[in-house]
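Analysis of the macromolecular model
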Amino acid sequence: MENVSCDYIIAGAGAAGLASAQYAARSGLQTIVLDLSGAGGQALQIAQLENYPGVYPPVSGDEFITVMQKQAESFGAKIVQAAVLSIDKIGQLFRVRTKQTDYTAPALLIATGAEHRPLDVPGEKRFTGTGVSYCAVCDGPFFRDKNIVVVGGGDSACIEALYLATLSDHVMLLHRRAQLRADKPTAERVQNNKNITVRYNTVVKEIRGKDRVESVVIEDTETGARTELSADAVFVFIGMNPRTELVDTLPKDSLGCIITNERMETGIPGMYCAGDVRAKSFRQIITAVSDGAIAAHEADMYVRSLSGAGDAK
């Protein structure tokens, strides 16, 4: 087992992790970012990033992340494609274990993000990959000119529905409430799009088919009436589950997100948290980047404060 020492370890290479890596490396911290999937996170699923200040005209999430990664690496950050298996703290050092290497550092950032919440209805698992999807950019082109169902009513669901409406004029958005939860401009774009039909007070009860998705059974939440609709694809955007399994003992909010203070500090000295895995009221790329930058600044000060008490590096 190889052992590598550095100043700052970041678990997660999404927007929060990459922003933190850039700020930390630029300040002089030896920074290593670990992520099994490589750089990107949820941002890779964005077709057009149109609300990030200073980025205009819109770019794809992939383009945005590519630039972030190159920028972080230009300052000396090292991004390693590896799964984090465990995290421990021995004295003043965190030990982060991967399959091939043990990494140690006095400061650690948890930026593991979140994963899509499933519907948990019959047929969902069976047809995942053959009609059920959680990424419109990834799988939408397979269903060009097909009957597409989108489940959800928040920003993600509406943005993805708008993208899918460029591929098909048969997009139906199902939302369990009486009005969309997305921000007003996005909601209005959905409601005014001729290729999108919105059904409110509606939930999916079952996804049916033989070798692929062929229909969905929906239920009116007010009347209880059920209807079966023809569908070739079901895209699910009903929220996210934070990835906290590596630090499951940390305090969390009602949604399971890790609680920090405004400095991104957890209850463990030297451990910070940023991005979608952190408890907060607003989740966007810009807030994830802000979290990451703050965490890097605090980690830098923390590591420097340890240098007078012994060998922190």
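Fair warning: this is a prediction, and the values are worked out from it, not measured in the lab. (Residues numbered from 1 in each chain as written. Predicted model: local features only at pLDDT ≥ 70, side-chain atom pairs only at ≥ 80, totals over all residues. Heavy atoms only, no water.)

To continue, consider the state of the cysteines. Tallied over the full model, the rule gives one disulfide. Covalent S-S linkage joins Cys-135 and Cys-138, the inter-sulfur distance amounting to 2.1 Å. Where Cys-135 bonds to Cys-138 through sulfur, the torsion about that S-S bond is close to 70°, and the disulfide is right-handed. There is no disulfide at Cys-6, and the cysteine sulfur nearest it, in Cys-273, is 18 Å away. Residue classification places Cys-6 among the buried residues on the basis of a relative accessible area of 3%. (Disulfide = S-S within 2.5 Å. Buried < 20%, exposed > 50% of the residue type's maximum accessible area, 1.4 Å probe, protein only.)

One open sheet accounts for five strands, arranged E10-E17-E11-E12-E13; its pairing is parallel. One side of each edge strand has no neighbouring strand; the edge strands of this open sheet are strand E10 (132-133) and strand E13 (196-199). Pairing of strand E11 (residues 148-151) with strand E12 (residues 171-174) involves four bridges; the strand directions are parallel. Pairing of Val-151 across the sheet is with Leu-174, part of E12. (Pairing = 2+ DSSP bridges. Helix = DSSP H or I, 4+ residues; strand = E, 2+ residues; numbered from the N terminus.)

When two helices pack together, their arrangement is given by the angle between the helix axes and by the axis-to-axis distance. It is at 8 Å that the axes of helix H1 (residues 15-26) and helix H2 (residues 61-74) come closest, and there the two elements cross at 25°. Considering the angle they form, H1 stands roughly parallel to H2. In this structure, the crossing between H1 and H2 has a hand that is left-handed. Seen from H1, the contacting residues are Ala-15, Leu-18, Ala-19, Ala-21, Gln-22 and Ala-25; seen from H2, they are Ile-65, Met-68, Gln-69, Gln-71 and Ala-72. Per-class residue counts for the contact of H1 with H2 are eight nonpolar, three polar and no charged. (Axes fitted to C-alpha atoms, helices over the stretch in contact; angles between N-to-C directions. Parallel < 35°, antiparallel > 145°, perpendicular 65-115°, else oblique. Left-handed = near helix turned anticlockwise from the far one by under 90°. Contact = heavy atoms within 4.5 Å. Nonpolar A, V, L, I, M, F, W, Y, C, P; charged D, E, K, R; others polar.)

This part is about the pairing of E13. What you see with E13 is a clean split: Ile-196 and Val-198 sit on the buried side and Thr-197 and Arg-199 on the side with no burial. Alignment of E12 against E13, held across four bridges, turns out to be parallel. Across the sheet, Leu-174 pairs through a bridge with Arg-199, a residue of E13. Remark: the E12/helix H6 (residues 184-191)/E13 crossover connection has right-handed handedness. (Right-handed = clockwise from strand over helix to strand, strands pointing away.)

Turning to unusual backbone geometry, a few remarks are in order. The linkage connecting Tyr-56 with the following residue, Pro-57, adopts the cis geometry, with an omega of 0°. Note on placement: Pro-57 falls in the loop between strand E3 (31-34) and H2. Phi at Asp-145 takes a positive value of approximately 65°, unusual for a residue other than glycine. Phi at Met-264 takes a positive value of approximately 70°, unusual for a residue other than glycine. Along the polypeptide, Met-264 turns up in the loop between strand E18 (240-242) and strand E19 (271-273).

Moving on, we come to the confidence of the model for the chain. Per-residue pLDDT for the chain has a mean of 95; in total, 98% of the residues score no lower than 70. In this model residues 309-313 is a low-confidence stretch, pLDDT under 50, and it forms seven contacts with partners more than four residues away in sequence or in other chains. (pLDDT = per-residue confidence, 0-100.)

All right, on to the nonpolar core then. Residues Tyr-8, Phe-64, Met-68, Leu-109, Tyr-272 and Ile-285 are the most contacted members of the largest nonpolar core, which totals 37 residues. Counting residues per element, the ones that place at least two in this core are strand E2 (8-11), H1, H2, strand E8 (107-110) and helix H7 (285-306). A total of nine residues in this core trace back to one element, the largest contributor, which is H7. If we ignore the near neighbours within four places in the chain, the residues touching Phe-64 are Leu-49, Tyr-52, Val-55, Val-59 and Ile-285. Core analysis: the next-biggest nonpolar cluster, separate from the first, contains 23 residues, Leu-164, Val-190, Ile-196 and Val-198 among them. (Core = buried A, V, L, I, M, F, W, Y, C linked by side-chain atoms within 4.5 Å.)

Direction of pairing for strand E14 (residues 202-209) relative to strand E15 (residues 213-220): antiparallel, over a ladder of seven bridges. Bridge pairing links Val-204 to Ile-218 in E15. What sits between the antiparallel neighbours E14 and E15 is a turn of three residues.

This part takes up the packing of helix H5 (residues 155-164) against H6. Their axes nearest at 9 Å, the elements H5 and H6 cross at an angle of 40°. One finds that H5 runs oblique with respect to H6. In this structure, H5 crosses over H6, and the sense of that crossing is left-handed. Across the interface between the two elements, Cys-158, Ile-159 and Leu-162 of H5 pack against Thr-186, Arg-189 and Val-190 of H6.

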